[in-house]
Amino acid sequence: MNRTSRRVAITVVLSTALGLLVYLWANHQRLQVPGYGFIRVQGELLSVRFGSHLVWLDGAGRERQQVDLASAGLAPAGDHAFFSNGDLLVYNRPEPAGLAYWITRYLRLQKPSPRAPEAFEGFNRCRLPQLSCEPFGRALPAMDSAFRLAVAADDTLYLADTPGFHVYRLTDETAAPARTPEGLLRFPNQVRLTSDGLWVADTNNRRLALLDTTPAAFGVLREEVVLAPQDGRRWPHQFAADGDGWLVNMADDRMRDGSLVHFATGRGADATVAAALLQDPLAFELWREQLWVVDAASEQLLRLDRQGEQQATIQRKTLSALQQGAAHARESYLWVGRLGLLVIGLSLVAGFAAAWLLERKETVAQFRGWAGRELPALVAAEAAPLPGDAVYWLPNRLQGRLRWIKPLLLLVVAALGYVLLQVALLGGTLWSQLQMAGLTVYAGLFVWMTLWDLQATARQRLGLTDECLVLVGQGRQCEVRFADVRYTRTHLVGENLVVFLGNPRHSVFDRKQLEQLVFPRLKEATSCPPWFVWKMLWHTRHSQALMAAVLIPVTVVLMLFLRLLS
């Protein structure tokens, strides 16, 4: 490669990397664009959160007032609530959650022991409309992810810490909060106060649970409503009392694309509300004989009647402006991401074109090497003379590759150990621990058997004389006359020995020597089908056959095991 080609190659690599960075950055920014949050009834108005803004609507959908919490230095996250005097309770999360949170969220584990909020983090109580805010409930743990709120008439606060598996009760912000017993709830979501007590959407237990709210018996289970899965949606995370039953948001396994299902008391599910209109309901309220729903898929606030028919358009000047601005921002970042993909594509096309123009002969040779020559043509070719009179041994290239393959596999094992350590530190339910244990044992077995197979392949030897092949492997050595050899593009088969040659792109032995010295000498040998090769692999107890015999049934058992646990 001359200097010009080297410069072009560097330019192509840098351009491709730049396009990839632009694409990843644009996707990240698009996901960070603010959108609709939870909605909540406050007296005669309905409060709606959009990013850092709170907007109040009346029963006809007209905007009455709005505030921007960012003007008070707050970065609101999660649910919000109101005290009896109208003060706003909101959680300030100035910094995004860290790596431990994302691991917990992906694995759906119980989060580690509660931590105290850091500086400027935590709940704030704000007097409206002047937005005079001060910290509230510093005895409560930090909320790294999902939580829901309910405030009683006497200003007792109930906080559902979803990944913490607890509901907290706070009567005096200077005192330590009470919390529900261990093992009672799994991913508690929405909480609603009634005259009977505190109803909780106990998501992973697939039920609505009624808890005692009295100080002496807080958290005691008084009643439960078990909710059957509906069309693959089995995770109840929001609800509201509706006549003689419950209207419940049932989510799928991704906690998305839910359905609003009505469960009649004692009769189970009897209707799905606005199934054709709602794609991914994020939050809803039954208020003034109407159903108000935030649909995350369409990024809209909808007003429906009790039968699920859409009512007149909501008159919301601020929300409309925020919604249009968010849609414009997402569209802009989407086009920036597409520009990044275009740069990647053009860079690759330019790289291939430059390789063809500047290094045509080398490029054609490389492509031919990747594809490999057809086996009949290789066998029909003229055999090159053997170097020397004794047995000529082809070099096993895998022996050198193992020098960097082994450290790479060790890094994989170290990464598995790190994930296991994180899971142990994060805790979790017995089922999640069993799932991770099964996956880890499977991954460890796979890595160990892969290394064992590679080492066995690296110990193979292939020798040639003018009359026969000399095959060494599996602790055995045999000489096979060319007429007695069975072969494919990837294997040479003797009477009681199989030697793996690799494939055209990743050959175990030198590819050029295989094509010039070995295959042209197999004119009297017999080409065999793949099933015969696998038969001989099993007959000779080759490492490839043993790997398949172990990993295939283990994989099936693991899939059934994970399915049963889920």
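To keep things clear, this report deals only with the structure shown in the data block. (Residues numbered from 1 in each chain as written. Predicted model: local features only at pLDDT ≥ 70, side-chain atom pairs only at ≥ 80, totals over all residues. Heavy atoms only, no water.)

**Comments concerning the packing of aromatic side chains**
Rule in force here: Only rings of Phe, Tyr and Trp enter the pairing, Trp through its six-membered ring, and a pair is recorded when the two centres are within 6.5 Å. The plane angle decides the type: under 30 degrees is stacked, over 60 is edge-to-face, the rest tilted. Only DSSP runs of H or I with at least four residues qualify as helices, and only runs of E with at least two residues qualify as strands; both kinds are numbered from the N terminus onward. To sort residues, take the accessible area from a 1.4 Å probe on protein chains only and compare it with the maximum for the residue type: under 20% means buried, over 50% means exposed, and anything in between is partly exposed. Think of it as a cone above the ring: NZ of Lys or CZ of Arg counts as a charge over the ring if it is within 6 Å of the ring centre and within 35 degrees of the ring normal.
In this structure the tally under the stated criterion is 14 aromatic pairs. Pairing F165 with F187 gives two aromatic rings, centres 4.8 Å apart and planes at 65°, and the pair type is edge-to-face. One end of the pair, F165, is in the loop between β10 (157-161) and β11 (166-170); the other, F187, is in the loop between β12 (178-179) and β13 (188-194), with 22 residues separating them in the sequence. For the pair shown, F165 and F187 are each scored as buried. Judged by centre distance (5.6 Å) and plane angle (50°), the ring pair of W287 and W292 falls under tilted. Both residues of the pair, W287 and W292, belong to the buried class. Through a chain of ring-to-ring contacts, three or more aromatic side chains come together here, namely Y91, F123 and F147. Its guanidinium or amino end placed over the ring of W335, R338 lies 4.6 Å from that ring's centre, counting from NZ or CZ.

**Considerations on helix α9 (residues 530-539)**
Under the convention used in this document: Our arc is simply the arc of the directions from the helix axis toward the C-beta atoms.
For α9, the full list of buried residues reads F532, V533, M536 and L537. Taken end-on, α9 shows its buried residues confined to a sector of 140°, consistent with a single buried face. In α9, the exposed positions that point more than 90 degrees away from the buried face belong to W531 and H539. Among the residues trailing α9, R541 stands out with phi positive, at a value near 55°.

**Overview of the pairing of strand β25 (residues 461-464)**
The side chains of a regular strand alternate between both faces of the sheet. As a reminder of what qualifies: Strand pairing is assigned whenever DSSP identifies at least 2 bridges connecting the two strands.
Note that strand β24 (residues 392-394) and β25 share three bridges and pair antiparallel. Its bridge partner being in β25, W393 is matched across the sheet by G463. Of the strand pairs in this sheet, β25 and strand β26 (residues 468-473) are connected by four bridges, and their pairing is antiparallel. Across the sheet, R461 pairs through a bridge with V472, a residue of β26.

**Points about the state of the cysteines**
For clarity, the threshold we go by: Two cysteine sulfurs form what is called a disulfide whenever their separation falls within 2.5 Å.
Applying the stated rule across the entire model yields one disulfide. Each sulfur in the disulfide pair C126 and C133 lies 2.1 Å from the other. Between C126 and C133 the sulfur-sulfur dihedral comes to about 115°; the bridge is accordingly right-handed. The thiol of C468 is not disulfide-bonded; the next cysteine sulfur, from C478, is found 9.5 Å away. With no disulfide of its own, C528 lies closest to C478 among cysteine sulfurs, the gap being 14 Å. By relative accessible area, which is 6% here, C528 ends up buried.

**Some thoughts on the sheet that holds strand β18 (residues 245-251)**
Threshold: Only C-alpha atoms enter the line fits that serve as axes; for helices the fit covers just the stretch in contact. Angles between N-to-C directions range over 0 to 180 degrees.
Taken in spatial order, the four strands of this open sheet run β17-β18-β19-β20, and their pairing is antiparallel. Of all the strands in the sheet, the pair left with one neighbour each is β17 (235-242) and β20 (268-273). For this sheet, the mean angle separating the axes of adjacent strands, direction not counted, is 30°. Taken together, the seven bridges between β17 and β18 define a ladder with antiparallel strand orientation. Considered in β18, the bridge of A240 is made with L247.

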